[in-house]
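The residues making up each chain are set out below.
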Amino acid sequence: MTTTTLTNDDRIILLKQKIEDKRTALKGANTRPRLITNCQLTMDGIKYNLHTGGDTLTLLYLKLNALRMSAYDLQIDPSTIMLDGFYLTDWMHDIKELRAVEQTRKQAAELKAAETRLNSLLSADKKTELELDKFAALLDD
């Protein structure tokens, strides 16, 4: 029985290390959007707030991309098309930024939830050992 607990604890520690590696990789990701527009777009009689995120933002991006592609087909420079006082390319930039930030936050939340679940699976002895290791490292510095 003890062997199984140690094996499970070792697996949990390895999984926690993988989570930490993924969290480190997310550190460089954008967590604050660098926005150009005011994030309030009226298009086809519908008012959009870019901060709402989700599927609405994805559908709006598709509409804007279709408009951009049509502009290319008509030999119009898309960077000259104005919508609600901002250029089409600026709107598309802001949506990309917001979607990237939303994705980063979602991944970070998933990693945190996974780590919490793994911590709950650790045996009491292993939890104590890890806490003692933290204290030892603190005192060694």
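(A) Local environment of the pattern of salt bridges. For the structure on display, the rule yields six salt bridges. Two residues, arginine 23 and glutamate 115, come together in a salt bridge whose shortest N-O distance is 3.0 Å. Pair noted here: arginine 23 is in helix α1 (residues 2–27) and glutamate 115 is in helix α3 (residues 88–121), with a separation of 92 residues, a long-range link. The class for arginine 23 is partly exposed, based on a relative accessible area of 21%. Three or more residues are tied together by salt bridges with common partners; here these are Glu20, Arg23 and Glu115.

(B) Local environment of a nonpolar patch on the surface. Among the surface-exposed residues, Leu132, Phe135, Leu138 and Leu139 lie close enough to one another that they form a single nonpolar patch of about 490 Å² accessible area. Tracing the sequence through the fold places leucine 132 in helix α4 (residues 124–140).

(C) Main features of the pairing of strand β2 (residues 46–49). Relative to β2, strand β1 (residues 40–43) runs antiparallel, the two being bridged by four bridges. Across the sheet, the residue bridging to threonine 42 is lysine 47, located in β2. Linking β1 back to β2 in an antiparallel pair, the connection comprises two residues, with aspartate 44 at a positive phi of about 55°.

(D) Summary view of the nonpolar core. Core analysis: the largest hydrophobic core is formed by 17 residues, its most contacted members being Leu41, Leu50, Leu60, Leu64 and Ile95. Counting only elements with at least two residues in this core, the list comes to β1, α2 (54–73) and α3. If we ignore the near neighbours within four places in the chain, the residues touching leucine 50 are Thr37, Cys39, Leu57, Leu60, Trp91, Asp94, Ile95 and Leu98. Ile19, Leu26, Ala114 and Leu122 belong to the second largest nonpolar core, which has seven residues in total.

(E) Up close: α2. In this model, α2 (20 residues) spans 29 Å end to end at C-alpha, consistent with the 28 Å of a helix rising 1.5 Å per residue. Looking only at α2, the buried set comprises Leu57, Leu60, Tyr61, Leu64, Asn65 and Ala71. Buried residues along α2 cover an arc of 140° about the axis, so they all sit on one side. Facing away from the buried side of α2, by more than 90 degrees, are the exposed residues Asp55, Leu59 and Asp73.

What counts, and at which threshold
Residues numbered from 1 in each chain as written. Predicted model: local features only at pLDDT ≥ 70, side-chain atom pairs only at ≥ 80, totals over all residues. Heavy atoms only, no water. Salt bridge = Lys/Arg side-chain N within 4 Å of Asp/Glu carboxyl O. Helix = DSSP H or I, 4+ residues; strand = E, 2+ residues; numbered from the N terminus. Buried < 20%, exposed > 50% of the residue type's maximum accessible area, 1.4 Å probe, protein only. Patch = residues over 30% accessible without salt bridge, like charges linked within 9 Å, V, L, I, M, F, W, Y side chains within 5 Å. Areas by Shrake-Rupley, 256 points an atom, 1.4 Å probe, with all protein chains shown as cover. Pairing = 2+ DSSP bridges. Core = buried A, V, L, I, M, F, W, Y, C linked by side-chain atoms within 4.5 Å. Contact = heavy atoms within 4.5 Å. Expected span 1.5 Å × (residues − 1). Arc of directions from axis to C-beta.

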